[in-house]
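Residue strings, one per chain:
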Amino acid sequence: MSAGPQAADAKSKAIAVLNDAFRRQPGPGWFMTTGVQALGLAFIGAAARAVRAQDRFDAEDDPYGEHDFGAVTVEGQALFWKIDYYDLALAFGSPDPADPAVTRRVLTIMLAQDY
């Protein structure tokens, strides 16, 4: 028997809270593609600030309400960012992205043209 819509909504909201916290604190688990890195340190800093500041999510980019994908523009460059969920060893997908005890998040920032 699967969980009902209310349980799914609660889980999505829990994931969104964890994703927002992770996204707002750059550090381990944050990556940028070589295309982003090639634009220099000032651009990397601006990209990180833009991702941290994003607070609007729409149904097209965030259909499950988990705040795990976004699009920002920095210095005229369209960027995408994405959060993926892994097990603690980073070998497989997380068994439960709503449980930080079994999940490691990875955020990747990329040029939209490279997606």
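For the structure, check the block above.
First things first, this report covers the structure right here in the doc.

### With respect to the pairing of strand β4 (residues 104-111)
The side chains of a regular strand alternate between the sheet's two faces.
For step 1, the next point in the chain: With respect to burial, β4 is a largely interior element, 6 of its 8 residues being buried.
For step 2, the next point in the chain: In this structure, strand β1 (residues 30-32) lies alongside β4, joined through 3 bridges in parallel fashion. Residue pairing for β4: M32 is matched across the bridge by I109.

### Digging into the environment of I83
For step 1, the next point in the chain: With respect to the helices, strands and loops of the structure, I83 is situated in strand β3 (residues 77-86).
For step 2, the next point in the chain: Under the relative-accessibility criterion, I83 is labelled buried at 0%.
For step 3, the next point in the chain: The contact partners of I83, leaving out residues within four places of it in the chain, are N19, F22, R23, H67, D68, R105, V106 and L107.

### A word on the packing of aromatic side chains
For step 1, the next point in the chain: Evaluation of the coordinates by the stated rule reveals 4 aromatic pairs.
For step 2, the next point in the chain: When the centroid spacing of 5.3 Å and the interplanar angle of 50° are considered together, the rings of F69 and F80 count as tilted. Placement of F69 in strand β2 (residues 69-74) and of F80 in strand β3 is noted, with a sequence separation of 11 residues between them.
For step 3, the next point in the chain: Ring geometry for F80 versus Y115: centroids 5.4 Å apart, planes at 90°, classification edge-to-face. Taken together, the residues F80 in strand β3 and Y115 in the segment after β4 connect sequence positions 35 residues apart.

So, how was this worked out
Residues numbered from 1 in each chain as written. Predicted model: local features only at pLDDT ≥ 70, side-chain atom pairs only at ≥ 80, totals over all residues. Heavy atoms only, no water. Buried < 20%, exposed > 50% of the residue type's maximum accessible area, 1.4 Å probe, protein only. Helix = DSSP H or I, 4+ residues; strand = E, 2+ residues; numbered from the N terminus. Pairing = 2+ DSSP bridges. Contact = heavy atoms within 4.5 Å. Phe/Tyr/Trp six-rings, centres within 6.5 Å; stacked < 30°, edge-to-face > 60°.

Everything listed here is a matter of coordinates, which is why it stays silent on function.
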